[in-house]
Amino acid sequence: IEKWNNPVWKETISRAIYWFVRANSNAAGTDGSLILSQAALEGLSWTYLVEDTGTLSRRKFKGLSAAEVIRVFLDKLHIPADVPNTLGDLQQEVVARGWGDGCGAVAGIRNNLVHPEKRGSLGPLFECWVLAQWFLELSLLQLFGYHGEHGNRTVLSRWIGQVEPVPWAD
């Protein structure tokens, strides 16, 4: 509610949640859902890093790649940017393509989807979407001040009710 009532955050939070829900419905397909997830992450990154905390100037922000922006954002929120071991195909793709981490994978696969000159093998699209949604979930939880447990969606074969602490929890 605090973020919702903050004029700096209200529109960004509304849009991020809308895109998060749409991406989870998979109505846009896995490819469209990944694009929505990255857009939400970039919007949250801008608001947090430039408008709210002033961590980055507008110019510095615009000079960074999407992967770099999301990486800085996740780092400030104490969210790991690495690809979890549970997403083995995506981990291998990150190494093979030199993307560095999950932020590089999300931006790389998204770029392959939307930029004709960058088209090539997409790689593990489903695992990348799962990771992007996990980044988005954790970002929203952290921004809302949550410190409890969550169902880690990157554990693809988890049982109902299986939870773990958020990464920044004490």
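All of the points below concern the structure found in this document. (Residues numbered from 1 in each chain as written. Predicted model: local features only at pLDDT ≥ 70, side-chain atom pairs only at ≥ 80, totals over all residues. Heavy atoms only, no water.)

## Things to note about the overall build of the protein
Summing up its helical and strand segments, the protein has eight helices and two strands in all. Taken from N to C terminus, the helices and strands of the protein fall in the order α-α-α-α-α-α-α-α-β-β. Projected onto the principal axes, the alpha-carbon positions of the protein cover approximately 40 × 40 × 30 Å. The long-range fraction of contacts in the protein, counting pairs at least 24 apart against all pairs at least 6 apart in sequence, stands at 59%. Carbon and sulfur atoms make up 51% of the accessible area of the protein, which totals about 8800 Å². Measuring between centres, the 16 positive side-chain charges of the protein sit 9 Å from its 18 negative side-chain charges. (Helix = DSSP H or I, 4+ residues; strand = E, 2+ residues; numbered from the N terminus. Contact = heavy atoms within 4.5 Å. Areas by Shrake-Rupley, 256 points an atom, 1.4 Å probe, with all protein chains shown as cover. Lys, Arg positive; Asp, Glu negative; His and termini not counted. Charge placed at Lys NZ, Arg CZ, Asp CG, Glu CD.)

## Notes on the environment of Asn 85
Positionally, Asn 85 belongs in the loop between α5 (66-76) and α6 (88-97). Using a relative accessible area of 68% as the deciding quantity, one classes Asn 85 as exposed. For the pair Asn 85 and Thr 154, spaced 69 residues apart in the sequence, the C-alpha separation amounts to 8.8 Å. Polar contacts involving the side chain of Asn 85 include one to the side chain of Gln 91, which spans 2.8 Å. (Buried < 20%, exposed > 50% of the residue type's maximum accessible area, 1.4 Å probe, protein only. Polar contact = N/O pair within 3.5 Å; in protein donor to acceptor, adjacent residues only side chain to side chain.)

## A short note on a nonpolar patch on the surface
Taken together, the side chains of Ile 17, Val 21 and Phe 144 present a nonpolar region at the surface, about 250 Å² in accessible area. Relative to the elements of secondary structure, Ile 17 occurs in helix α2 (residues 10-25). Overall, Ile 17 belongs to the partly exposed group, its relative accessible area being 34%. (Patch = residues over 30% accessible without salt bridge, like charges linked within 9 Å, V, L, I, M, F, W, Y side chains within 5 Å. Salt bridge = Lys/Arg side-chain N within 4 Å of Asp/Glu carboxyl O.)

## Regarding the packing of helix α3 (residues 29-52) against α5
Running from N to C, α3 and α5 point in directions that differ by 60°, and their axes come no closer than 9 Å. With respect to α5, the axis of α3 lies oblique. The two elements α3 and α5 cross, and the hand of that crossing is left-handed. Within the contact between the two elements, α3 uses Gln 38, Leu 41, Glu 42, Leu 44, Ser 45, Tyr 48 and Leu 49 and α5 uses Ala 66, Val 69, Ile 70, Val 72, Phe 73 and Lys 76. Looking at the contact of α3 with α5 residue by residue, the class counts come to nine nonpolar, two polar and two charged. (Axes fitted to C-alpha atoms, helices over the stretch in contact; angles between N-to-C directions. Parallel < 35°, antiparallel > 145°, perpendicular 65-115°, else oblique. Left-handed = near helix turned anticlockwise from the far one by under 90°. Nonpolar A, V, L, I, M, F, W, Y, C, P; charged D, E, K, R; others polar.)

## Describing the pattern of salt bridges
Applying the stated rule across the entire model yields four salt bridges. A salt bridge links Glu 11 to Arg 15; the nearest nitrogen and oxygen atoms lie 2.5 Å apart. Here the residue Glu 11 and the residue Arg 15 both occupy positions in helix α2, the gap between them amounting to four residues, near one helical turn. For Glu 11, a relative accessible area of 53% gives the class exposed. Note that Glu 93 is salt-bridged to Arg 97, the shortest N-O span being 2.5 Å.

## Focus on the packing of aromatic side chains
Given two aromatic rings, one states the distance between the centres and the angle between the planes to describe the pair. One pass over the full model with this rule turns up four aromatic pairs. Here the aromatic rings of Tyr 48 and Phe 73 are separated by 5.8 Å at their centres, their planes lie at 70°, and the arrangement is edge-to-face. In this pair, Tyr 48 sits in helix α3 while Phe 73 sits in helix α5, placing the two residues 25 residues apart along the sequence. The same class applies to Tyr 48 as to Phe 73, namely buried. Above the plane of the ring of Trp 129 lies Arg 153, whose end atom (NZ or CZ) is 5.6 Å from the centre. (Phe/Tyr/Trp six-rings, centres within 6.5 Å; stacked < 30°, edge-to-face > 60°. Lys NZ or Arg CZ within 6 Å of the ring centre and 35° of its normal.)

## Quick look at unusual backbone geometry
Although it is not a glycine, His 78 adopts a positive phi angle of roughly 60°. Tracing the sequence through the fold places His 78 in the loop between α5 and α6.

## Thoughts on the nonpolar core
Leu 34, Leu 44, Phe 73, Leu 74, Leu 90 and Phe 135 are the most contacted members of the largest nonpolar core, which totals 49 residues. Contributions of two or more residues to this core are made by α2, α3, α5, α6, α7 (102-114) and α8 (125-143). For Phe 73, the residues in contact, after removing those within four places along its chain, are Leu 41, Leu 44, Ser 45, Tyr 48, Leu 49, Ser 139 and Leu 143. (Core = buried A, V, L, I, M, F, W, Y, C linked by side-chain atoms within 4.5 Å.)

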